[in-house]
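# Summary of structural features
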Amino acid sequence: MILHKVSSGVTEVFKGQLKHTTTCSEGHCIIEEMCPFLTLPLSLRGTSDQSQEASYSVESGFEKIFQEKTFSGDDMVYCDECEKDTEATSKCQIEFPRVLVVLLKRFDMDYNTMKHVKSNRCVDVPRTLQRMDKTCQLYAIVNHMGGLQGGHYTATVLSNEDETWYEFDDSRVRKLEEQPFTNSMTYSSSTAYLLVYRASESPERQEDGGKDARDKERKPREQKPVDQDQAPKEGIEEAQGEPLLPQSQNTHDMSHLHLNVQQKVNNRKHRPSGKGTHRNDHESSTNILKKPCVIALIVCGCLLVVILIIILVTQPV
């Protein structure tokens, strides 16, 4: 909801797609479906041979999405080109977003009791997620402590400045004493709820731990300065009310927001408005009142008018 309210362009940064393709045994495409997503959900439910007490592997759950499924026997699928029920296979491919958000489904429905429950199952979070030639590096974790009726959120974030993990707990920020992934490429947690990965674009950046990508994000795009002398003040004030991100954010991703503000300012330059005239008149009056000599002349003039009226009224008819 926040992403859609900020900007559709921002949403694109987090938007990926899953492509499901079902093909018959003769190679005919039966179904091809594109499923866009902003978060990639992973169920924490154990299989029949896996208990809830065992740690859940995020990497295995991620790979399970792309396992090939076979339809045969009573599950055969009808093919229009073959004009009969036929054996088929279903494959899934992913189009990675620039920022991949993995949702661990800790809040779920227990169909045995028909009640909502929260799973505190421990998960093994991988430092990287890799699929084909794409690699994603973890840089943030959102944690949830508590139950269904209430809880508390914190965030564990990797700093771009010193490559150190910090914990954000409301207004308190502290450096973690035990840094994740120091001795292993996985991190065990019973509170991890959202995992935020940044996609790498080349093997070289993968070897550098994504540092080149982060340096590029920190480098702001050159923006055309606004001529403050020509732009009306009311236009600038209205533009500053837009939901812009701080300068520390990725200005490359958010450059369209800046351009929208720039366009609004430019539109204000050519918009005929009586409001600007009234405001200029008001400012001129204010400047006049600030001059002592002018104020004295105005007061004297008012006194002369009052004295003249009194003289005329008191004169005998």
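For the structure itself, consult the block above.
The paragraphs below set out a description of the structure included in this document.

The rules we used
- Residues numbered from 1 in each chain as written.
- Predicted model: local features only at pLDDT ≥ 70, side-chain atom pairs only at ≥ 80, totals over all residues.
- Heavy atoms only, no water.
- Core = buried A, V, L, I, M, F, W, Y, C linked by side-chain atoms within 4.5 Å.
- Buried < 20%, exposed > 50% of the residue type's maximum accessible area, 1.4 Å probe, protein only.
- Helix = DSSP H or I, 4+ residues; strand = E, 2+ residues; numbered from the N terminus.
- Contact = heavy atoms within 4.5 Å.
- Pairing = 2+ DSSP bridges.

Another aspect to go through is the nonpolar core. Nonpolar side chains in soluble globular proteins generally cluster together in the buried interior. Judged by nonpolar contacts, the single largest core of 35 residues is most densely connected at Leu-100, Leu-104, Leu-195 and Tyr-197. Among the secondary structure elements, those contributing two or more residues to this core are strand 3 (40-43), helix 3 (58-64), strand 8 (88-95), strand 9 (99-105), strand 12 (123-126), strand 14 (134-146) and strand 19 (192-200). When residues no more than four places from it in sequence are discounted, the contact partners of Leu-104 are Leu-42, Leu-44, Val-58, Val-123, Ala-192, Tyr-193 and Leu-195.

With that settled, consider the side chain of Thr-154. Position of Thr-154 relative to the elements: it lies in strand 15 (residues 151-158). Overall, Thr-154 belongs to the buried group, its relative accessible area being 6%. Residues in contact with Thr-154, not counting those within four places in the same chain, are Ile-141, Val-142, Asn-143, Met-145, Phe-168 and Asp-169.

Okay, the sheet that holds strand 12 next. If you trace the three strands from one edge of the open sheet to the other, you get 4-12-18, paired in mixed fashion. Edge positions in the sheet fall to strand 4 (56-57) and strand 18 (186-189), since each has one partner strand and no second. Across four bridges, the pairing between strand 12 and strand 18 is antiparallel. In the strand pairing of strand 18, Val-125 is matched with Tyr-187.

The subject of this paragraph is unusual backbone geometry. For residues other than glycine, phi is negative in most cases, and the peptide bonds are mostly trans. Despite not being glycine, Met-114 has its phi angle at roughly 55°, a positive value. Its location among the elements puts Met-114 in the loop between strand 10 (107-110) and strand 11 (115-118). At Glu-163, a position not held by glycine, the phi torsion is positive, near 55°. Of note, Glu-163 is situated in the loop between strand 15 and strand 16 (165-169). Residue Glu-163 is classed as partly exposed on the basis of its relative accessible area of 37%.

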